[in-house]
Amino acid sequence: MPEITLTQAPAHVRHGSSIGQPLTRRDGVLKVTGTARYAADNHPDGMLYAVLAVSSISRGRVAGLDVGAAKAHPGVVEVMTPANKPPLAQDPDEKGNPFTFRLDLLQSDRVRYANQPVAVVIAETLEAATEGAALLSPCYEAEPVRAGLDSDDSFVPPAVGVGNPAEERHGDVDAGLAAATVRVEAVYETPAQYHNAMEPHAVVASWDGDTLSIDTPSQGMAMAQARIAGLFGIAPENIHIRSPFLGGGFGSKGLISGPQVLGIMAARLVGRPVKLVLRREQMFGPVGHRAPTRQTLRLGAGSDGALTAIDHHAKTASSTFDDFFEPAANVAHTLYASPAIATSHEAVRLDTGTPQFMRAPGEAPGSIALESAIDEMAQACGMDPLAFRLKNYAEVEPVSGKPFSSKALRDCYTQGAERFGWASRPLAPRQMRDEAGLLVGWGMGTATFPALMFQAQARAVLRSDGTGVMETGAHDMGQGAWTALAQIAADGLGLDLDRIEFRSGTSDLPDAGIAGGSAHTATAGMAIHSAGADVIARLADLATADERSPLFGAGNAGVIARGGRLFRRDDESRSESYADILARAGLPEIEGRGSGATDPAAQSTYAMHAHGAVFAEVKVDPDLGQVRVSRLVGAFAAGTIINPRLVRSQYYGGMIWGVSFALHEHAVMDGRSGRPMNPNLGEYHVPVNADVPSLEAILVEERDPHVNALGIKGVGEIGVTGTAGAIANAVWHATGIRVRRFPIALESLIATAA
Amino acid sequence: MNRFDYVRPATVPEAVAAASAPGAAFLAAGTNLLDLMKGGVARPSRLIDLGRLPGLDEIESLPDGGVRIGALVRNADLAHHPEFARRFPAVAEALLSGASPQLRNAATVGGNLLQRTRCAYFYDTASACNKRAPGSGCDARGGENRLHAVLGWSEHCIATHPSDFCVPLAALDAAVEIEGAAGRREVPLEAFHRLPGDAPERESVLAPGELITAVRLPGEAAEFAAHARYVKLRERTSYAFAVVSAAAALRLDGERIAEARIALGGVALKPWRARAAEAALAGARPGADAFRRAAEAALADAKPSGDNGFKIELARRIVVRALTLAAAGTPGRVPALPASPFAPTSGAAPHA
Ligand SMILES: Cc1cc2nc3c(=O)[nH]c(=O)nc-3n(C[C@H](O)[C@H](O)[C@H](O)COP(=O)(O)OP(=O)(O)OC[C@H]3O[C@@H](n4cnc5c(N)ncnc54)[C@H](O)[C@@H]3O)c2cc1C
Ligand code: SF4
C-alpha cells in the first residue's frame with residue numbers, strides 16, 4: 001500500500017505521558033491537502049468501473065433486463081446478472097452468527113426493497129458503465145408493498161439489537177401506575193433515517209488467482225474478511241483489505257455490504273480490477289438505515305415526584321427477509337430509578353432493506369422519547385426538569401440492581417446546568433422572548449451510552465535503535481484512531497510519540513475488533529496497552545536477568561518504562577535505555593503481544609455506562625414555526641479521556657446529530673411505493689453550519705477502575721442521546737406545544753401560535 | 001452518461017441557431033442541468049454551452065435608473081454588486097438566501113429563472129410525472145406533497161417553482177429579454193413562467209431555441225429601496241428551498257402606503273405576484289391589520305393540493321412578516337442570515 005505519512009509529532013506535543021494530551025489529528029495534514037487516500041481514490045492498472053443498476057420497485061421480481069442494449073453501448077465490457085454472476089461458495093441468504101446479515105448478491109430475480117441491486121454493469125469508463133446501467137431499463141412484476149408501521153400485523157421480535165430480549169420486566173408496572181398520583185402516557189414517533197456518511201460505500205477489488213486485494217472502507221476488517229472468505233470459499237488470510245481512512249461510517253460500514261461484495265464479484269467475473277462506488281441515492285437501500293419507531297411511554301409518579309413506574313414500549317420494523325430490531329425501549333433500563341420498569345418491543349416487516357446499527361442504535365430514538373416523557377412528567381408534577389431528574393437519580397442500575405462501575409452524572413448535571421445558566425429557567429412554558437420577539441425555550445436531557453468492549457489484538461515491537469512499533473488493524477472513521485490509539489501505544493511502549501511507528505488500517509495486522517458500539521478506543525486501546533506491557537515485560541526480563549545491567553536483580557521491585565528507558569521502581573537513579581538492553585542482548589528487536597476484551601467478572605458485577613447532561617436553548621418564530629437551536633451545552637463523563645480535543649469533537653458531532661434528529665433528519669417515504677423520495681443531500685436534511693451557532697462540550701472528570709485498566713468508556717455515540725430530547729423539550733418550553741413526532745415540523749408549531 | 005454533442009457558440013446568433021435542433025439544451029453553470037442529466041431526468045442530445053458568449057455577464061445601469069443584468073451574471077456577483085444591492089435590496093437578499101455560496105458563485109441569472117421544479121417525483125424517473133413525461137400522470141398527487149403548490153396548480157401538476165431570485169423580480173416588474181430565431185422580444189417576468197394547466201411540460205413562454213439574454217429592472221423598482229425585503233421560511237437555517245417565501249416592497253407617502261408590491265415564492269409553479277394584496281394596501285396605513293388584510297387577499301384563491309393546507313396560513317403569515325419588515329425599513333446591509341426569521345432585526349419586534 002502507499003505509504004501513509006502521518007504527522008509524527010503534532011504541535012505542542014508534551015513528552016512524557018501522551019494519554020490525556022489534546023493532540024491534533026496526525027492525519028489532519030493529509031486530509032486537508034487531499035492526499036489521504038480513500039478507497040475510491042485507488043486506480044490499479046487495468047481497472048474497470050462497475051455501476052449498479054438498482055430496483056425502482058420495493059417488492060416483486062425483475063421480469064426483464066435489456067442486457068443487449070447495455071452490452072452494445074461502447075465501452076461496456078460485461079453485465080453481471082443472476083444469470084452469469086460468478087458462483088459463490090455460500091448462499092448469501094444463509095445466516096451465520098448474529099452479525100451475519102443476508103445480502104443481495106444477484107442470487108435471484110426477487111426484489112425485496114427499493115434500490116436493491118439487480119445488475120452490475122462493468123465498463124472501461126464510469127460514464128459508459130453509468131449509461132449501460134440506464135440502458136438495462138428493467139421491467140418488473142410488482143407486488144403490493146408493505147410500507148409504514150401499520151401496514152401489516154405486528155409480532156414480538158425474537159430479540160432486539162444484538163441478542164437482547166424484546167421484553168424485560170422489573171417490578172410490577174401496573175401496580176406502580178395504579179399507585180401513582182400523577183400519570184403520563186404519550187406516543188412518540190421517529191422516522192426512518194439513513195446513515196449518509198460523506199464517503200459513499202466504495203470498493204476497488206483485484207483478484208490474483210484465489211487471492212483477493214481490496215480497498216474498501218470498513219469499520220471491521222476482520223469480520224469483513226471472514227464474510228468475504230465464506231462467500232467466495234477462500235481462506236481469510238488470502239484476502240487483503242486496506243481501509244486506512246473512512247469518510248464516516250456511523251454503523252453502515254460495520255459489516256461488509258452487498259454492493260461491496262458485488263464489486264468483488266464483478267472483478268472476479270471480468271478477471272480485472274474493478275471499482276464500484278455507490279451513488280448517493282443507492283445508499284438508500286442496500287447499506288442499512290435506522291428503522292422508524294413508534295414508542296409509547298407510560299410513567300407514574302408519586303406526589304413527591306418519585307417515579308413509581310416506567311413502561312416503555314417500542315414498535316419498530318425490520319425487512320421482510322432479515323432481522324434487525326431497533327432496541328429503542330431499552331434505554332429505560334438504566335437512566336431513572338423506579339420500583340417498576342418494563343420495556344417491550346413489537347415489530348412489523350416492511351419492504352425495505354434490512355435496518356442496521358446506526359449511531360446510538362436504540363439509544364437515539366429511545367432517548368428522545370424517554371427524555372420527552374420525563375419532561376412531560378416533570379411538568380405534570382410541577383417540578384423543574386433537572387430537579388425531577390435528580391429526584392429520580394439511579395444510584396444503582398434500576399433494572400439489574402448492579403452498582404455502576406462509575407457514574408459522574410451528578411457532576412454532569414451540575415457543571416452543565418451552571419455553564420448553561422439553567423437556574424434562571426422559568427418553570428412555565430412560553431415565558432421567554434429575545435429582543436427580536438422570538439420565543440425562547442430551555443430544555444434538557446440526560447445522555448447515556450453503555451461502555452462496551454469487543455475483542456482486539458495488538459503486536460508491539462521495540463527496536464535496538466530505541467524506537468518502537470505498534471500494530472493493530474484499527475479503523476479511523478474520522479474519529480481520530482490514528483492519533484488516539486498512537487497516544488496509547490506511545491505510553492504503552494514508554495516512548496514519546498515521535499519515537500514510535502503506529503501501523504493500522506489494514507487487515508494483515510492484528511485484528512483490532514470492530515469500530516462500533518463506541519468501543520474502539522477501549523478495545524483496541526486495551527490490546528495496545530497489553531501488547532506494550534508484554535514487550536516491556538520481556539525487555540525487563542532481559543535487563544533484570546543480566547548482571548551487566550544496572551537493573552540486574554530488580555525483578556521483584558519491578559521497573560517503569562518511560563522515555564525509552566527502564567527505571568527501577570524503587571530507585572529511579574538506576575535505569576537503562578531500551579537500546580542498550582537490546583544491544584547487549586544482541587537483539588535487533590523484541591516483540592510482545594496483547595489483547596483487549598471485556599472482563600466478564602467486572603461485567604457481571606457492575607453496570608457500565610457513560611453519562612451526560614445536555615442543555616439546549618431554542619428560538620422559535622411564533623408566527624412561522626421555524627426553529628433554531630441557539631445554544632447547546634453538554635457535560636459528559638466517560639472515564640479516561642485519551643485526547644480531549646478528539647473527544648470534544650466526538651461530543652460536538654453527536655450533539656449536532658441530536659439537532660438533526662430533533663429537527664431535520666428523515667427519509668420521506670412514499671407510502672404507496674415504499675420508496676425513499678429524498679435520497680440526496682439537498683433534500684435529506686442534516687444541520688448546516690447556520691443551524692449550530694453555539695456548541696459547548698464539558699469533559700467531566702471521571703475515573704473508572706472497573707471498565708478496563710485504562711478506565712476508558714466510549715464517546716462516539718453518547719452525544720446523540722440526551723441532545724435530541726433536550727431540544728424537543730426546549731421547543732415545548734419555548735412554545736407550550738408538545739410535539740411528539742420527530743423531526744419537529746414547522747406546521748406542528750403554528751397551529752396555536754400567537 | 002448518454003452521448004451528446006457539445007457546442008460552444010461564439011455569438012448569440014450562433015447559439016440560437018445551434019439550439020434550433022430538437023433535443024438541444026442551453027448549458028449555463030449546469031448546477032441544475034447537469035444534476036438532471038446525471039439522474040437521467042434530462043437527456044439532451046446537444047448541449048450548447050453559453051459560457052463563452054460575450055457581453056452576457058454585465059450589470060449595466062440604464063438611463064431610467066433601472067438595471068440590465070446579463071443572463072450569465074453569477075448569482076453571487078449580482079448579490080454582492082454594491083450599487084445593485086443598494087438599489088434593489090430585496091433582490092440581493094433573495095439571491096443570498098438561495099442555495100449555498102458554492103452554488104451561488106456558479107449559478108447564473110438565466111439558469112436561475114429556468115431552474116426546474118424540486119418536486120421529488122419529477123427527479124425520480126421511476127415515477128409518473130406529466131412534466132417530465134407528458135401524459136404519464138402525476139405521482140405527487142396522493143404522494144408526498146407537503147411542500148407542493150397551493151395556488152395556480154392543476155390536476156396535471158401541483159409542483160412549485162423553486163427560485164428565490166424570481167420572487168422579488170416579479171414584485172418589481174422585471175422584464176426578461178429574449179433572443180430567438182425570429183429576433184428579439186421581451187416579456188414581463190410575471191408572464192414568463194407558465195402555470196401548469198394541462199401542459200405542465202411547457203414551463204415558460206420561451207419558444208424552442210429561444211435564449212434569455214438579460215433581465216431588466218425598471219427605474220421605478222429602485223424607488224422601493226428604503227422599504228424592500230424578502231423573507232423565506234425554511235426547514236433549516238440555510239441551504240434549503242423555501243417552504244413559502246415573500247418579497248414585499250413599499251413606497252411610503254408620509255403616514256400612508258403609496259404603492260405596495262408583493263410576490264410569493266414556494267406557493268405555485270411561478271413566482272406569484274399578489275396584485276389584489278397590493279391593491280388592498282394602496283393608500284392604507286402600514287400596520288398589522290392592513291397587512292393581514294393584504295395577506296388574506298393574496299391567498300384568497302389558495303387551496304391545498306395535498307397534505308399542504310398548512311402552507312396557506314403560513315403563506316399569509318409570511319406576507320404579513322415581509323410587509324412588517326419592509327415597513328420597518330430596509331436594513332443598512334443584508335443580514336448575515338439573509339431572509340431568515342432568525343436574522344437580527346433592527347427596531348421594533350416584527351412578531352406578534
Ligand atoms: C442543492 C441545491 C440547492 C439549491 N437551493 C436553491 C435555493 O434555495 N433557492 C434558489 O433559488 N435556487 C436554489 N438552487 C437552484 C440554483 O439556483 C439553480 O441551480 C441555478 O440558479 C441554475 O443556474 P445555472 O446557471 O447553473 O443553470 P443551468 O443548470 O446551467 O441551467 C438551468 C436551466 O436553464 C436553462 N438556461 C440556462 N441559461 C439559459 C439562458 N440564458 N437562456 C435559456 N435557457 C437557459 C438551461 O437550459 C437549463 O434548462 C439550488 C440548487 C441546488 C443544486
Ligand atoms: S407535481 Fe408536477 S412535477 Fe411533480 S410529479 Fe406531478 S407533474 Fe411531475
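Caption draft 1: How the structure looks around the environment of N238 of chain A. All names here are of chain A. Relative to the helices and strands, N238 is located in the loop between α5 (221-232) and β11 (239-242). By relative accessible area, which is 31% here, N238 ends up partly exposed. It is 37 Å that separates the C-alpha atoms of N238 and N680, two residues lying 442 residues apart in sequence. The residues contacting N238, other than those within four sequence positions of it, are D210, T211 and L212.

Caption draft 2: The arrangement of the domain arrangement of chain B in detail. Annotation of chain B at the domain level lists domain 1 (1-52) and domain 2 (224-328). For domain 1 of chain B and domain 2 of chain B, the distance between their C-alpha centroids amounts to 36 Å.

Caption draft 3: Looking closely at helix α7 (residues 363-380) of chain A. All names here are of chain A. With 18 residues, α7 extends 25 Å between its outermost C-alpha atoms, agreeing within 8% with the 26 Å of an ideal straight helix rising 1.5 Å per residue. Counting buried positions along α7 gives 16 out of 18 residues, so the element sits mostly inside the fold. G382 sits one or two positions beyond α7 and adopts a positive phi of about 70 degrees.

Caption draft 4: Region of the structure containing the site of ligand 1. Residues and elements named next belong to chain B. Around ligand 1, a shell composed of 31 residues is seen, among which F26, G30, T31, T108 and D164 lie nearest. One of the backbone nitrogen or oxygen atoms of A99 is found 2.9 Å away from an oxygen atom of ligand 1. For ligand 1, the accessible surface in isolation is 970 Å², of which the surrounding protein chains cover 93%. Only β2 (24-27), α7 (109-114) and β8 (211-217) provide two or more residues apiece to the shell around ligand 1. Here the shell around ligand 1 gets four residues from one element, more than from any other, and that element is α7. A breakdown of the residues in the shell around ligand 1 according to their chemical character gives 17 nonpolar, 11 polar and three charged.

Caption draft 5: A look at the packing of helix α14 (residues 644-664) of chain A against helix α15 (residues 723-735) of chain A. Residue and element names in this part refer to chain A. Two elements in contact, α14 and α15, have axes separated by 7 Å at closest approach and are oriented at 50 degrees. Between α14 and α15, the crossing angle belongs to the class labelled oblique. Classified by chirality, the crossing of α15 by α14 is right-handed. Residues M655, G658, V659, F661, A662 and L663 of α14 form the contact with α15, whose own contacting residues are T723, A724 and I727.

Thresholds, definitions, all that
Residues numbered from 1 in each chain as written. Chains lettered and ligands numbered in written order. Predicted model: local features only at pLDDT ≥ 70, side-chain atom pairs only at ≥ 80, totals over all residues. Heavy atoms only, no water. Helix = DSSP H or I, 4+ residues; strand = E, 2+ residues; numbered from the N terminus. Buried < 20%, exposed > 50% of the residue type's maximum accessible area, 1.4 Å probe, protein only. Contact = heavy atoms within 4.5 Å. Domains from an automatic or database assignment. Expected span 1.5 Å × (residues − 1). Near = heavy atom within 4 Å. Polar contact = N/O pair within 3.5 Å; in protein donor to acceptor, adjacent residues only side chain to side chain. Areas by Shrake-Rupley, 256 points an atom, 1.4 Å probe, with all protein chains shown as cover. Nonpolar A, V, L, I, M, F, W, Y, C, P; charged D, E, K, R; others polar. Axes fitted to C-alpha atoms, helices over the stretch in contact; angles between N-to-C directions. Parallel < 35°, antiparallel > 145°, perpendicular 65-115°, else oblique. Left-handed = near helix turned anticlockwise from the far one by under 90°.

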